[in-house]
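# What the coordinates show
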Amino acid sequence: MKHLAERISKAKTLLLTTHRQCDGDGLGAELALGFALRKLGKTVHIVNVDATPKKYRFLKPDNWIQYYEDNQTLPESVDLALIFDTNDERLIEPMWPHLERISKAIAFVDHHPVLQQGPAPTRESVIDVRAASTGELAHRIIKELQIPLDREIARCLYTSITFDTQLYRFIRNSPNSHRIAAELLEFDIDPEEIHRHLFGGQTVQKMAFLARALGQIEYFADGRLALLKLQDRDLFHYNLEPDESRDVIDMVMTIESLEAAALFREEAPGQYRLSLRSKGEIEVLSVAESLGGGGHVHAAGASIRGPYEKIKDQVVRDMTQKLLRTKKTGS
Ligand SMILES: [Mn+2]
């Protein structure tokens, strides 16, 4: 981290980005650091691959972020590029090769395990799997650079940490998330407003969509595994954007009898986005990784092409096997 802070200090121009289909964690971290670095007089470009989901509009992302998919332009050169909340270059395609060309150095700032079967992150990267959010790492960088916090930075960091810990549930056995949150509250931010934007923005259309989708859950492994398939065309039918289906799996996971869940979202015919969750008995990262994806030990995902029934059978088989194994050993 010290080494990275030095590199950031020396850089005059920086480009910040996060993975495609960004979430509150990567978005909050890049915006917070962007505001902080501008206070040091640095030239900061924030360029994401694709548009920001609408629930984050309260942070006014479009005032600060350019979208690569819109016009494929980047600055001619930057001293340092920082990529938040992933260490997998594939998740910033198609921007990655262009970014490599214009950047003197690239560092991933992340808290996901480095994949066994994925591309290796650049040497400059800071990857700390003990951090509960990338916001926590952005906070550490800001402290290391001795940049004073302000309300704008605090709102972005609070968004990041609150989103990734799911309202301070998944804190990785560390008091850090709460400690940082307490510090951020000194800056006159409105936590209830942020919570509402992140977790409370359900609409009438979303409820109608959920009523239909949740009726189709399938259960396996003695009711310990749930599986659900959503279709983007149904989302569009209800005037929803794909990001609005992101919390469906977390909703499913509140079912008491479950240990794990799998959700398929059909993005286009034969093209699926798979999300996997576990309450802790089994790891699901290896299942995602075997399908070309990645993520965390208990929350992972993959983008997959192929016939649905075949992929589904494989996922159900792999997950069921893991669940049965835990039952046998009783651990
Ligand atoms: Mn994250």
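Within each chain, residues carry numbers counting from 1 in the order of the written sequence. Local features in this predicted model are restricted to residues whose pLDDT is 70 or higher, and side-chain atom pairs enter the listing and the counts only when it is 80 or higher, whereas totals over whole chains, interfaces and linings include all residues.

### Observations concerning the domain arrangement of the protein
Splitting the protein by domain gives domain 1 (2-199) and domain 2 (204-329). For the domains described, the bounds stem from an automatic or database domain assignment. The distance between the C-alpha centroids of domain 1 and domain 2 comes to 27 Å. C-beta atoms are placed from the backbone for every residue, and two residues are taken to be in contact when these atoms lie within 7 Å. Between domain 1 and domain 2, the residue contacts involve twelve residues of the former and nine residues of the latter. Gly is placed with the polar residues, together with every amino acid not listed as nonpolar (Ala, Val, Leu, Ile, Met, Phe, Trp, Tyr, Cys and Pro) or charged (Asp, Glu, Lys and Arg). A class-by-class count of the residues in the side of domain 1 that touches domain 2 yields three nonpolar, six polar and three charged.

### Digging into unusual backbone geometry
Each neighbour pair has its own omega, and for glutamate 93 with proline 94 the value is 5 degrees, a cis peptide bond. A run of DSSP states H or I qualifies as a helix once it reaches four residues; a run of E qualifies as a strand once it reaches two. Both are numbered from the N-terminal end. Its place among the elements puts proline 94 in the loop between β4 (80-84) and α4 (96-102). At glutamine 146, a residue that is not glycine, the phi angle is positive and equals roughly 55 degrees. Within the fold, glutamine 146 resides in the loop between α5 (134-144) and α6 (151-164). Phi is positive for arginine 172, close to 55 degrees, though the residue is something other than glycine. Among the structural elements, arginine 172 can be located in the loop between α6 and α7 (176-184).

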